[in-house]
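Listed here are the chains, written in short residue letters.
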Amino acid sequence: MKFDKVELANVAIRTTQYPTDNKPEFLMLGRSNVGKSSFINSMLNRKKLARTSSEPGKTRLINFYNVDDNFYFVDLPGYGYSKMSKQEQAKVGSFIEEYLVNSKNIALIIFLIDIRHDPTENDRLMYNYIVNNSNSPCIILANKADKIAVTKVDAQVANLQNQLNPLKDLLFLPYSSERKIY
Ligand code: GTP
Ligand code: MG
């Protein structure tokens, strides 16, 4: 894919700071350090657009990336970063929830989990929250697939789906921002 114009358009905490042009929004959701910002960079073929870090807690605000004036990629802060104070975690949780409740333009939720680990308690809480409260479609990406043996990828994706979505009515896919795709 070729994108001509990709830029950080809005940085928001509150609803009044979201874009107002009603373009579709593709939302990255997942715990801190799972690779949300890296996913955006890999999809848009930009190395340093969304700031990433090996330290969790890099993205602290809601970043709206305008792509060719057609849609937004929305990079949310991660949840469950244990080094953040409880107060700060609660603050981040409140703007994630405010966004999920108030945005009318979410076209797709891309929920990222780490392929190497069982879902955390926070992953389960967030997953259940979305499934029970959101009207937008959601896909689940098991990210960092390059970190396990290729032969184990399918079984691990199935294992994660069994744990989170035993009804198997959602799409679970392996992904790697490093290798781009699986
Ligand atoms: P917060 O902003 O803290 O919520 O984190 P984030 O979810 O945006 O994670 P980020 O994209 O900053 O990535 C965290 C670390 O994981 C960085 O060191 C990335 O290079 C690394 N990373 C992300 N995706 C992958 C992947 O698919 N494979 C590997 N090997 N590393 C990855
Ligand atoms: Mg980030």
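Just so you know, these numbers come straight off a predicted model, no measurement behind them. Once a new chain begins, its residue numbering starts again from 1 and follows that chain's sequence as written. Chain A is the first chain written and ligand 1 is the first ligand written, with later ones labelled in order. Selection of residues for local features in this predicted model requires a pLDDT of at least 70, selection of side-chain atom pairs for listing and counting requires 80 or more, and totals for whole chains, interfaces and linings are taken over all residues. Hydrogen atoms and water are omitted, and side-chain values are computed over all heavy atoms in the structure.

Asks: Could you clarify how one ought to interpret the pattern of salt bridges in this entry?
Replies: Pairing between side chains of opposite charge can happen when their charged atoms approach one another. In what follows, salt bridge is the name for a side-chain nitrogen of Lys or Arg lying within 4 Å of a carboxyl oxygen of Asp or Glu. Following the criterion strictly, the structure yields eight salt bridges and no others. Of the charged contacts, one joins Arg14 and Glu98 as a salt bridge, the two residues approaching to 2.6 Å between their closest N and O atoms. On the criterion of sequence distance, the pair formed by Arg14 in the loop between strand E1 (6-12) and strand E2 (25-30) and Glu98 in helix H2 (residues 86-102) is long-range, its members being 84 residues apart. Judged by its relative accessible area of 34%, Arg14 falls in the partly exposed class. Because the salt bridges share partners, they merge into one network encompassing Lys5, Glu7 and Asp69. Elements are defined by DSSP. Helices are runs of H or I of four residues or more, strands are runs of E of two residues or more, and each kind is numbered from the N terminus. The cut-offs for exposure are 20% and 50% of the maximum accessible area for each residue type, with area from a 1.4 Å probe on protein chains only; residues under the lower value are buried, those over the upper are exposed, and the others partly exposed.

Asks: Would you mind going over the coordination of the magnesium ion (ligand 2) with me for this structure?
Replies: The textbook angles at a metal center are 109.5 degrees for a tetrahedron of four donors and 90 or 180 degrees for an octahedron of six. Think of the donor list as every N, O and S atom within 2.8 Å of the metal, or within 3.2 Å for Na, K and Ca; water never makes the list, so a site can look incomplete. Ser37 (OG) and Thr59 (OG1) make up the full set of protein donors to the magnesium ion (ligand 2), lying at 2.1 to 2.2 Å. Here Ser37 is found in helix H1 (residues 36-43), whereas its partner Thr59 is found in the loop between H1 and strand E3 (62-67), with 22 residues between them in sequence. Here Ser37 and Thr59 have matching classes, each one buried.

Asks: What is the right way to read the sheet that holds E3 from this model?
Replies: Remark on secondary structure: sheet strands pair via backbone hydrogen bonds, oriented parallel or antiparallel. At least two DSSP bridges between two strands are required for those strands to pair. Pairing within the open sheet is mixed, and its seven strands lie in the order E1-E3-E4-E2-E5-E6-E7. Where the open sheet ends on each side, the last strands, each with one partner, are E1 and strand E7 (171-174). Shown here is a sheet whose adjacent strand axes are inclined to one another by a mean of 25°, direction ignored. The pairing of E1 with E3 spans six bridges and is antiparallel. Pairing of Asn10 across the sheet is with Phe64, part of E3. Contacts are residue-level and defined by heavy atoms, with any inter-residue pair within 4.5 Å sufficient. Axes here mean lines fitted to C-alpha atoms, for a helix over just the part in contact, with angles spanning 0 to 180 degrees between N-to-C directions. The strands touched by H1 within the sheet are E2, E3, strand E4 (71-75), strand E5 (106-114) and strand E6 (138-143), with E4 carrying the most contacts at an inclination of about 150°. Across the sheet, helix H3 (residues 121-133) lies against E2, E5, E6 and E7, angled at about 160° from E5, the strand it touches most.

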